Amino acid sequence: MTLRALLFDVDGTLADTERDGHRPAFNQAFADAGLDWHWDIALYGRLLAVTGGKERMKYYVDQFRPDYHKPDNFDDLVADLHKAKTRHYSALAARGGIPMRPGIRRLLSEARAAGLRLAIATTTTPENVTVLLEHSLGPGTQDWFEVIAAGDIVPTKKPAPDIYRYALAQMGLDAAECLAFEDSENGLRASLGAGLKTLITVNDYTLDHDFSGAAVVLSDLGEPHVPNRRLAGAGLDQPLVDVAYLKALHQS
Ligand code: XBP
Ligand code: MG
């Protein structure tokens, strides 16, 4: 089977968005609303067990704030907090404050030149993706992606496979013709559930996740003078991920 397309997660995979992007944006939204909620770096790592910002806030209240009395309009409050959080996150991303991870720009450019089709499959809000791409990858780069499947476009978020199935259906491709790129266990469960061979690049929050089933687990994609490290999986030892590497991984 020929490799035709690459499907990318965003948060943690294209960029390290969580610790210094989404987390402070949530905290600013909580402070704006006069709530005494504050998510430090360690707590946020535990909250990442749940994907989706609105879902994460509800999980926090249920699991960590037994003292908090939910108002009748709690769902509306969460929706409003999430809108404020998205504004704060977008403002940060629009300042170029969230750089792409090593090798991302290089690999995306090489893949385009080689005729591979590109898509995004993420649980985050669509606006977060477009602002991040525009300001960290470059103007017009959202057009590099044939499909940007994001947020509430499917009712059930990762680890459910729905967002990947949606992207594949939009592209008219079979999972066997594609590779997925993920950074987390929830993301991997989603991509594997959709039948996609998956390459993992870890980050500080996901180092200890269970990546069984991944084709390969790497520190990052690598750059010519900054080699990556292979942590588990396929024995394709090469200091950086390029299109030839991906084709070999897809065949393996
Ligand atoms: C990403 C997420 C998102 C972001 C917040 O997971 O879990 O929830 O943290 O995004 P993945 P929103 O990388 O597996 O797609 O606040 O916009 O929901
Ligand atoms: Mg992710």
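Structure's up top.
Residues numbered from 1 in each chain as written. Chains lettered and ligands numbered in written order. Predicted model: local features only at pLDDT ≥ 70, side-chain atom pairs only at ≥ 80, totals over all residues. Heavy atoms only, no water.

A.B. asks: Give a detailed account of the side chain of asparagine 186, specifying residues and quantitative values.
C.D. replies: Note on placement: asparagine 186 falls in helix H8 (residues 185–193). Within polar-contact distance, the side chain of asparagine 186 engages the backbone oxygen of alanine 49 at 3.0 Å. (Helix = DSSP H or I, 4+ residues; strand = E, 2+ residues; numbered from the N terminus. Polar contact = N/O pair within 3.5 Å; in protein donor to acceptor, adjacent residues only side chain to side chain.)

A.B. asks: Provide a residue-level description of the site of ligand 1, including the pertinent values.
C.D. replies: As a structural note, the neighbourhood of ligand 1 is formed by 18 residues, with Gly53, Arg56, His82, Lys85 and Thr125 the closest of them. Taking histidine 82, its side chain carries an N or O atom lying 2.7 Å from an oxygen atom of ligand 1. The separation between an oxygen atom of ligand 1 and a polar side-chain atom of lysine 158 is 3.3 Å. Counting only elements with at least two residues in the shell around ligand 1, the list comes to helix H1 (18–32), helix H3 (53–64) and helix H4 (74–94). Considering every element that reaches the shell around ligand 1, the biggest residue donor is H1, with three residues. Of the residues in the shell around ligand 1, the class split is two nonpolar, ten polar and six charged. Taken together, domain 1 (5–16 + 99–251) and domain 2 (18–94) each give at least three residues to the shell around ligand 1, which thus spans both. (Near = heavy atom within 4 Å. Nonpolar A, V, L, I, M, F, W, Y, C, P; charged D, E, K, R; others polar. Domains from an automatic or database assignment.)

A.B. asks: I'd like a description of the packing of H3 against H4, backed by residues and values.
C.D. replies: Between H3 and H4, whose axes approach to 9 Å, the crossing angle comes to 125°. Judged on the interaxial angle alone, H4 and H3 are oblique. For the pair H3 and H4, the crossing hand works out as right-handed. Between H3, through Gly53, Lys54, Met57, Lys58 and Val61, and H4, the contact on the second element is made entirely by Phe74, Asp75, Val78, Ala79, Leu81 and His82. Looking at the contact of H3 with H4 residue by residue, the classes come out as six nonpolar, two polar and three charged. (Axes fitted to C-alpha atoms, helices over the stretch in contact; angles between N-to-C directions. Parallel < 35°, antiparallel > 145°, perpendicular 65-115°, else oblique. Left-handed = near helix turned anticlockwise from the far one by under 90°. Contact = heavy atoms within 4.5 Å.)

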